[in-house]
Amino acid sequence: ILDGKTALVTGSTSGIGLAIAQALATEGAKLMINGFGPEDEIASICDELGAVHDGADMSDPDAIERMVARCGKELGGPDILVNNAGIQHVSPVEEFPPEKWDAIIAINLSAVFHTTRHALPGMKRKGWGRIINTASAHSLIASPNKSAYVAAKHGVAGFTKTLALEAARDGVTANCISPGYVWTPLVENQIPDTMKARNMTREQVMNDVLLAAQPTKQFVTPEQVAALAVFLCRDEAASITGANLSMDGGWTAA
Ligand code: NAD
């Protein structure tokens, strides 16, 4: 269903972004992937998906501009922009390292603005575009010790709504997908810090912190998030815009 479309997925060398890139490629989209990782792993993802990789650092607005321009020159896109790159740091406000704050705001929020401002003119010219932002349940509610992440994700939700209004007459939709806890390296890596911050064992963090929030007691899977992203790219989803779509096992219903 996506033959002839080009997708740019930021942070797609791992986790949710990789699953979204795989799903879009399966539907026939040409892919530009982005993100860090060992060269051989990235090369094998490119082989698997027939994708081009751009290693732009999402905290660098100039690198973002070059990446989007390259996507236009080499692949004629992006028609689909998935802003997915993200990082996390867990610490109380008064101990939160300011440089971590700045990095999270840059990568999780400002990068969404920069990719979009460069990609939008091409989408408007074609009269078709899809902007899908991986937000989070933390775009709707808060948890302690995640101030920068919660602030950035609330920002992404607000930016997405504004964008949806501005692009409403241009065939371009803008939506957030807001997962609860998805089992990816990002979640796995925050377990040690949460153990320290809350003086808990690994099992206590998994059950009493992570899955405590999710009424289903199941982690969301990257493939479930990817399936929703694919749906948002379909023509049937043309009227879904400015939405923040929760996929959180009931977390934000509570
Ligand atoms: P992940 O750590 O598995 O993947 C993150 C990706 O972003 C990787 O490809 C990494 O290389 C890339 N990345 C990190 N910093 C970058 C930078 N400066 N420039 C370019 N790329 C960079 O994480 P994930 O869990 O798949 O998270 C993906 C997105 O989903 C994030 O925005 C995250 O906030 C969001 N999210 C995750 C969960 C979860 O439970 N895992 C829940 C809700 C939202």
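Per an unreviewed UniProt entry, the protein carries the name 3-hydroxybutyrate dehydrogenase and comes from Sphingomonas hankyongi.

## Let's talk about unusual backbone geometry
Negative phi characterises most residues that are not glycine, and trans characterises most peptide bonds. Note the cis peptide between glycine 77 and proline 78, where omega equals 5 degrees. With respect to the helices and strands, proline 78 occurs in the loop between α3 (61–75) and β4 (80–83). The backbone of asparagine 199 shows a phi angle near 55 degrees, a positive value even though the residue is not glycine. Looking at where asparagine 199 falls in the secondary structure, it is placed in the loop between α6 (185–198) and α7 (202–210). Given 8 C-beta atoms within a 10 Å radius, asparagine 199 is considered exposed.

## What about the site of the ligand?
Taken together, 29 residues form the shell around the ligand, and within it Gly11, Gly15, Gly35, Gly86 and Leu186 come nearest. Among the secondary structure elements, those contributing two or more residues to the shell around the ligand are α1 (15–26), α4 (98–126) and α6. Among the residues making up the shell around the ligand, the classes are represented as 12 nonpolar, 16 polar and 1 charged.

## What about the confidence of the model for the protein?
In low-pLDDT segments, the atomic positions of the prediction should not be examined closely. Across the protein, the average pLDDT comes to 96, with 100% of residues at 70 or higher. At the level of chain-chain contacts, confidence expressed as ipTM amounts to 0.99, with global pTM at 0.96.

## With respect to the sheet that holds strand β7 (residues 244–247)
Strands in a sheet are paired, the pairing made by backbone hydrogen bonds, and the direction either parallel or antiparallel. Spatially, β3-β2-β1-β4-β5-β6-β7 is the arrangement adopted by the 7 strands of the open sheet, whose pairing is parallel. Taken across any chain shown, the strands that pair with only one partner, and hence form the sheet edges, are β3 (52–54) and β7. Strand-to-strand twist across the sheet, computed as the mean angle between neighbouring axes with direction ignored, equals 20 degrees. Across the sheet, helix α5 (residues 147–166) touches β5 (129–134), β6 (172–179) and β7, and the angle it forms with β6 is around 160 degrees.

## What to know about the nonpolar core
With 60 residues, the main nonpolar core has Ile20, Ala21, Leu24, Leu31, Val225 and Ala229 as its most contacted residues. In contact with valine 225, not counting residues within four places along its chain, are Ile16, Ala19, Ile20, Ile177, Pro179, Val182, Val220 and Met247.

## Observations concerning the packing of α6 against α7
Between α6 and α7, whose axes approach to 9 Å, the crossing angle comes to 95 degrees. The angle between the axes of α6 and α7 places the two elements in the roughly perpendicular class. Residue-level contacts link Val187, Ile191, Thr194, Met195 and Arg198 of α6 to Arg202, Val205, Val209 and Leu210 of α7.

## Observations concerning the packing of α3 against α4
Between two packed helices, both the angle of their axes relative to each other and the distance between the axes serve to describe the pair. Packing of α3 against α4 leaves a shortest axis separation of 9 Å and a crossing angle of 30 degrees. For the element pair α3 / α4, the angle class is roughly parallel. Relative to α4, α3 is oriented so that their crossing is right-handed. Every residue of α4 that contacts α3 at Pro61, Ile64, Glu65, Val68 and Gly72 is listed here: Ala111, His114, Thr115, His118, Ala119 and Gly122.

## Examining the environment of valine 93
By secondary structure assignment, the location of valine 93 is in the loop between β4 and α4. It is 8.2 Å that separates the C-alpha atoms of valine 93 and lysine 146, two residues lying 53 residues apart in sequence.

## Topic: α1
Its 12 residues give α1 an end-to-end C-alpha distance of 17 Å, which sits within 8% of 16 Å, the value for a rise of 1.5 Å per residue. Three or more residues of α1 are buried, namely Gly15, Ile16, Gly17, Leu18, Ala19, Ile20, Ala21, Gln22, Ala23, Leu24 and Ala25. Positive backbone phi, at 105 degrees, marks glycine 28, one or two positions downstream of α1.

## Examining α6
Between the first and last C-alpha of α6 there are 20 Å, a value that for 14 residues agrees with the 20 Å anticipated at 1.5 Å per step. Of all the bends in α6, the greatest measures close to 30 degrees and is centred on proline 192. Following α6 by one or two positions, asparagine 199 has its phi on the positive side, about 55 degrees.

## What about the pairing of β5?
A regular strand carries its side chains on alternate faces of the sheet. The element β5 is largely enclosed, with a buried count of 6 among its 6 residues. By the alternation rule, side chains of β5 split into Gly129, Ile131 and Asn133 and Arg130, Ile132 and Thr134, which are all buried. Pairing between β4 and β5: 4 bridges, direction parallel. By the bridge assignment for β5, asparagine 83 is matched with asparagine 133. Once you follow β4 into α4 and on to β5, the crossover reads as right-handed. Sheet analysis places β5 next to β6, joined by 6 bridges and oriented parallel. Across the sheet, threonine 134 pairs through a bridge with isoleucine 177, a residue of β6. On the question of chirality, the crossover connecting β5 to the parallel β6 by way of α5 is right-handed.

Rules used in this analysis
- Residues numbered from 1 in each chain as written.
- Predicted model: local features only at pLDDT ≥ 70, side-chain atom pairs only at ≥ 80, totals over all residues.
- Helix = DSSP H or I, 4+ residues; strand = E, 2+ residues; numbered from the N terminus.
- Buried ≥ 20, exposed ≤ 12 C-beta atoms within 10 Å, placed from the backbone.
- Near = placed C-beta within 6 Å.
- Nonpolar A, V, L, I, M, F, W, Y, C, P; charged D, E, K, R; others polar.
- pLDDT = per-residue confidence, 0-100.
- Pairing = 2+ DSSP bridges.
- Axes fitted to C-alpha atoms, helices over the stretch in contact; angles between N-to-C directions.
- Contact = placed C-beta atoms within 7 Å.
- Core = buried A, V, L, I, M, F, W, Y, C linked by C-beta atoms within 7 Å.
- Parallel < 35°, antiparallel > 145°, perpendicular 65-115°, else oblique.
- Left-handed = near helix turned anticlockwise from the far one by under 90°.
- Expected span 1.5 Å × (residues − 1).
- Bend = angle between axes of the 7 residues up to and from the residue.
- Right-handed = clockwise from strand over helix to strand, strands pointing away.

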